[in-house]
Amino acid sequence: MIKILILGGTSEASALASAVAKRGLPAIFSYAGRVNSPKAQPLPTRIGGFGGVSGLVAFLAQERITHIVDATHPFAAQMSANVVAAAAQCGIKAIALTRPAWRPVDGDQWQSVASIDEAVSALAGPPQRVLLAIGRMHLAAFDAQPQHHYVLRLVDQPTSPPSLADYTAVIDRGPFTLEGDLALLETQRIERIVCKNSGGEGAASKLTAARRLGLPVVMIERPHLPPRHEVHSIDDVISWLGGYY
């Protein structure tokens, strides 16, 4: 009997949950717990970590999971690596539902970097107004470049103030629009953007807006992951589950 674990947190994960629920497939949806009010899902849902590879292995055995779909954020590198290791250890099937990475086009002014630390180093220089569209986990790293005014785009209001010396917090949840991002960049007088190469449509509008306004972008590229089976559409995952619906 099939039983699916969907590791979520992305719009693609939510779309997959709807497709799985529509087909009546037994499944559990798991959130990491990074946001205060996660979107409700049409499947039994758990929130929180597993406790590393060993904890995930125990959960898979306890719930008799047969298939894992890793639809986490492209930068959830530790979780994705744990999925590969746990699936191999348990001898169960695993697949990753990912978004194709963004690629620069004519008119883009991207500086590609490999890590948060390299993004911080890229901001050396005179004071600017910088949009940090990187989530809340790594904000403190930018203390090393205190000359800038940082505009933080966050899903939730911070429970404690960021350590940055000079910042404005903008609380908003995607998907975002080109009109909205143009307005944000112009109203906040943004001179540079720092973001992660998350891919997908929901957050791409800031790149189009930056292109239109001639703004440079520091693009943090995706982390390296162990070899795994990746697909980019819900239909591909459903085909991978073949014969159970």
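A quick note: this is a predicted structure, and the numbers were derived from the prediction, not measured. (Residues numbered from 1 in each chain as written. Predicted model: local features only at pLDDT ≥ 70, side-chain atom pairs only at ≥ 80, totals over all residues. Heavy atoms only, no water.)

A. Spotlight on helix H2 (residues 52-63). Across its 12 residues, H2 extends 17 Å between first and last C-alpha, which sits within 8% of the 16 Å expected from 1.5 Å per residue. All of the buried residues in H2 are Gly55, Leu56, Val57, Phe59 and Leu60. Against the buried residues of H2 lie strand E1 (4-7), strand E2 (27-31), strand E3 (45-47), strand E4 (67-70) and helix H3 (77-90). The positive-phi residue at the C-terminal boundary of H2 is Arg64, with phi of around 55 degrees. (Helix = DSSP H or I, 4+ residues; strand = E, 2+ residues; numbered from the N terminus. Expected span 1.5 Å × (residues − 1). Buried < 20%, exposed > 50% of the residue type's maximum accessible area, 1.4 Å probe, protein only. Contact = heavy atoms within 4.5 Å.)

B. Up close: the sheet that holds strand E6 (residues 110-113). Pairing is parallel across the open sheet formed by 6 strands, whose spatial order is E6-E11-E10-E7-E8-E9. The open sheet has two edge strands, E6 and strand E9 (167-171), and neither has a second partner. Across the sheet, the mean angle from the axis of one strand to that of its neighbour is 20 degrees, orientation sign disregarded. (Pairing = 2+ DSSP bridges. Axes fitted to C-alpha atoms, helices over the stretch in contact; angles between N-to-C directions.)

C. Expanded view of the pattern of salt bridges. Here the structure, examined in full by the defined rule, presents 6 salt bridges. Residues Lys3 and Glu63 are paired through a salt bridge, measuring 2.9 Å at the closest nitrogen-oxygen approach. Of this pair, Lys3 sits in the segment before E1 while Glu63 sits in helix H2, and the two are 60 residues apart along the sequence. Taking the relative accessible area as the measure of exposure, Lys3 reaches 21% and is therefore partly exposed. (Salt bridge = Lys/Arg side-chain N within 4 Å of Asp/Glu carboxyl O.)

D. Structural context of the packing of aromatic side chains. All chains considered together, the criterion is met by 3 aromatic pairs. Between Phe29 and Tyr31, the aromatic rings sit 4.9 Å apart at their centres with planes inclined by 65 degrees, giving edge-to-face as the arrangement. Neither Phe29 nor Tyr31 differs from the other in exposure class; each is buried. When the ring of Phe50 is compared with that of Phe59, the centres are 5.1 Å apart and the planes differ by 65 degrees; the resulting orientation is edge-to-face. For the cation-ring pair, Arg46 lies above Phe59, with the distance from its terminal atom to the ring centre recorded as 5.2 Å. (Phe/Tyr/Trp six-rings, centres within 6.5 Å; stacked < 30°, edge-to-face > 60°. Lys NZ or Arg CZ within 6 Å of the ring centre and 35° of its normal.)

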